Amino acid sequence: MISLSTTYAQGLGEILYDSHEIYYEKTITKRRFGYQTLVNRIEGLKKNNLFEVSIATKSTEGRNIYLIKCGTGKTKVMLWSQMHGDEPTATMALADIFNFLENKKDSSTRKINLILDNLREELLKKCTFYFVPMLNPDGAEAWTRYTNLGIDMNRDALALQTPEGQLLKQLVFDLKPDFGFNLHDKNRRYSAGQSGNLATMSFLATAYNEAEDVNPTRKRAMQIIVGMNQAVQLYIPNAVGRWVSDFEPRAFGDNIQKWGTTLILIESGGYKNDPEKQYIRKLNFVSLLTGLQMIANKSYKKQGVKEYEQLPINSKAIYDLIIRNVTIKKGESIFKADLAINRNERPVKGKDYFTNSSEIEEIGDMSVFFGTDEIEAMGMEIIAEKEIGLGSKADFQLVKEGKLIYTIKNGRIE
Ligand SMILES: [Zn+2]
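Just so we're clear, the structure is a prediction, and the values are computed from it rather than from any experiment.

Cut-off values and rules
Residues numbered from 1 in each chain as written. Predicted model: local features only at pLDDT ≥ 70, side-chain atom pairs only at ≥ 80, totals over all residues. Helix = DSSP H or I, 4+ residues; strand = E, 2+ residues; numbered from the N terminus. Rg over C-alpha atoms; globule rule 2.2 N^0.38 Å. Buried ≥ 20, exposed ≤ 12 C-beta atoms within 10 Å, placed from the backbone. Contact = placed C-beta atoms within 7 Å. Axes fitted to C-alpha atoms, helices over the stretch in contact; angles between N-to-C directions. Parallel < 35°, antiparallel > 145°, perpendicular 65-115°, else oblique. Left-handed = near helix turned anticlockwise from the far one by under 90°. Nonpolar A, V, L, I, M, F, W, Y, C, P; charged D, E, K, R; others polar. Core = buried A, V, L, I, M, F, W, Y, C linked by C-beta atoms within 7 Å. Domains from an automatic or database assignment. Pairing = 2+ DSSP bridges. Expected span 1.5 Å × (residues − 1). Right-handed = clockwise from strand over helix to strand, strands pointing away.

Caption draft 1: Structural context of the overall build of the chain. Within the chain, the regular secondary structure consists of ten helices and 18 strands. Against the globule reference of 22 Å for 414 residues, the chain gives a C-alpha radius of gyration of 23 Å, in line with a compact fold. Going through the 414 residues of the chain one by one, you find that 45% of them count as buried. In the chain, once contacts between residues fewer than 6 apart in sequence are set aside, the share between residues at least 24 apart is 74%.

And the structure:
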């Protein structure tokens with residue numbers, strides 16, 4: 001039986017999903033949109049007195065890290081993104097959420113307008129929001145996980161050697177947010193459980209101790225995640241995962257939960273044919289606003305935690321392409337095997353795009369793995385200009401009885 005809260009969360013989720021293009025921040029269309037693009041958008045918010053924009057600190061390389069405050073409510077919610085420089089999906093969604101809160105444009109139907117207006121009003125009346133988008137601008141510019149010091153900020157919650165990490169701790173201690181959203185990306189090949197479904201989004205109510213106990217602070221995170229998950233399941237069924245929850249004493253998520261803020265971790269993963277993660281950005285928009293509404297109207301209190309516990313744990317079961325049962329010749333040997341191939345992304349320095357370089361990562365029995373693309377190649381043999389092997393680029397043809405069936409070029413089926 002579908003509970004009332006389920007229906008409601010899905011109802012709002014659908015409206016947000018359908019309305020996303022209205023609020024889509026058009027200056028950001030790619031993952032490597034760059035620091036300055038974000039700064040321009042944030043500077044633009046200063047024109048609207050809904051937002052209080054301040055420079056919270058400077059990064060190691062002297063870039064501004066902004067704090068954006070809005071809303072007048074009692075419940076304090078802090079959202080920060082991109083502490084890992086190459087994890088920008090949620091930053092794009094936050095830019096869209098700024099547009100939603102600004103209410104720049106309207107949707108076409110009055111009924112939808114009314115629902116969205118009510119949501120906006122409720123959020124701003126019940127909550128005060130603190131946004132810190134792109135906490136690691138140096139890493140974002142260099143397209144790396146690390147800060148300019150080469151330190152993983154998410155292992156710096158205790159040592160506090162990075163100015164960016166110092167800021168995050170200081171904000172949590174000064175503002176004492178009731179709720180926190182720690183927004184990341186993860187490897188796009190994670191699966192939801194041991195399945196062929198890419199974990200397009202994953203959630204975690206971070207543990208606050210080694211025993212992974214559930215106290216009221218952490219329980220609230222689980223309850224909110226249940227609603228956020230419901231909102232996106234409609235679009236990515238069985239493609240939502242639960243991030244592994246081992247307590248990490250040096251990580252911010254774990255410590256912030258320990259310091260008393262209800263902490264929700266979101267990890268954006270992969271989605272087929274969405275290399276720039278624009279669809280995942282939209283799903284972030286939907287689930288984040290759903291979560292914020294549950295906080296504003298306290299509807300999370302009606303949720304159980306069972307659905308949270310039932311979310312499949314993230315697993316690594318997926319390759320970009322698996323070719324099964326293909327006949328391979330190597331020297332004098334002729335054998336049948338599966339090939340697991342990935343298209344590894346390489347950032348082009350100083351540009352906003354990537355190149356892809358394919359690699360044969362495994363040869364052998366891949367029956368326990370899945371391919372985002374798969375070919376059943378029984379009876380086919382590999383014809384390649386250069387002999388292929390482990391670690392080689394995936395450029396070859398699949399031929400059956402002398403007839404060309406597939407051409408594989410740099411790991412893609414042509
Ligand atoms: Zn991360």
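Resuming the write-up.
Caption draft 2: A look at the environment of Ile 65. By the element assignment, Ile 65 lies in strand S2 (residues 64-70). Residue classification places Ile 65 among the buried residues on the basis of 21 C-beta atoms within 10 Å. Those residues in contact with Ile 65, other than ones at most four positions away along the chain, are Ala 56, Thr 57, Lys 58, Ser 59, Val 132, Leu 135, Pro 137, Glu 164 and Leu 167.

Caption draft 3: Looking closely at the packing of helix H4 (residues 110-126) against helix H9 (residues 278-296). At a closest axis distance of 9 Å, the pairing of H4 and H9 adopts a crossing angle of 55°. With respect to their mutual orientation, H4 and H9 come out oblique. Crossing of H4 against H9: the hand is left-handed. The residues of H9 that touch H4, namely those facing Leu 119, Glu 122, Leu 123 and Lys 126, are Leu 292, Gln 293 and Ala 296. For the contact of H4 with H9, a count of residues per class yields four nonpolar, one polar and two charged.

Caption draft 4: Seen up close, the nonpolar core. In this structure, Leu 79, Ile 97, Phe 203, Ile 225, Ile 264 and Ile 295 are the most contacted members of the largest nonpolar core, which totals 109 residues. Ranked by residues supplied to this core, first place goes to H9 with ten residues.

Caption draft 5: Region of the structure containing the domain arrangement of the chain. Assigned domains of the chain: these are domain 1 (4-315) and domain 2 (318-413). Computed from C-alpha atoms alone, the centre-to-centre distance between domain 1 and domain 2 is 36 Å. At the junction of the two partners, domain 1 supplies ten residues and domain 2 supplies five residues. Split into classes, the residues belonging to the side of domain 1 that touches domain 2 amount to two nonpolar, four polar and four charged.

Caption draft 6: Examining unusual backbone geometry more closely. A positive phi angle, close to 50°, is found at Lys 176, a residue other than glycine. With respect to the helices and strands, the residue Lys 176 is situated in the loop between helix H6 (163-175) and strand S5 (179-185). Positive phi is not limited to glycine here, since Lys 277 has a value of about 60°. Mapped onto the fold, Lys 277 is located in the loop between strand S9 (262-268) and H9. C-beta crowding within 10 Å serves as the criterion here: with 25 such atoms nearby, Lys 277 is assigned to the buried category.

Caption draft 7: Quick peek at the sheet that holds strand S1 (residues 51-58). Pairing within the open sheet is mixed, and its eight strands lie in the order S1-S2-S4-S3-S5-S9-S7-S8. If you trace the sheet from one side to the other, it starts and ends with S1 and strand S8 (240-242), each paired once. Adjacent strand axes in the sheet meet at a mean angle of 20°, parallel and antiparallel pairs treated alike. Looking at chain direction, S2 and strand S4 (residues 127-132) are connected through three bridges and run antiparallel.

Caption draft 8: Helix H7 (residues 216-233), seen in detail. Over its 18 residues, H7 extends 26 Å from the first C-alpha to the last, a length consistent with the 26 Å expected when each residue adds 1.5 Å. Most of H7 is tucked away, with 14 of its 18 residues classed as buried.

Caption draft 9: Highlighting the pairing of strand S16 (residues 396-400). Pairing geometry for strand S15 (residues 381-383) and S16, over three bridges, is antiparallel. By the bridge assignment for S16, Glu 381 is matched with Val 399. Examined bridge by bridge, S16 and strand S17 (residues 403-409) share five bridges and lie antiparallel to one another. Following the sheet pairing, Leu 398 is matched in S17 by Tyr 406. Adjacent in sequence and paired antiparallel, S16 and S17 are bridged by two residues, among which Glu 401 carries a positive phi angle near 45°.

Caption draft 10: Looking closely at the pairing of strand S7 (residues 201-205). Along S7, five of the five residues are buried, which leaves the element largely enclosed by surrounding structure. Burial along S7 is two-sided: Met 201, Phe 203 and Ala 205 facing one way and Ser 202 and Leu 204 facing the other are all buried. The pairing of S7 with S8 spans three bridges and is parallel. Opposite Ser 202, over in S8, you have Gly 241 as the bridge partner. For the crossover that starts at S7, traverses H7 and ends in the parallel S8, the hand is right-handed. Pairing geometry for S7 and S9, over five bridges, is antiparallel. Pairing of Ser 202 across the sheet is with Glu 267, part of S9.

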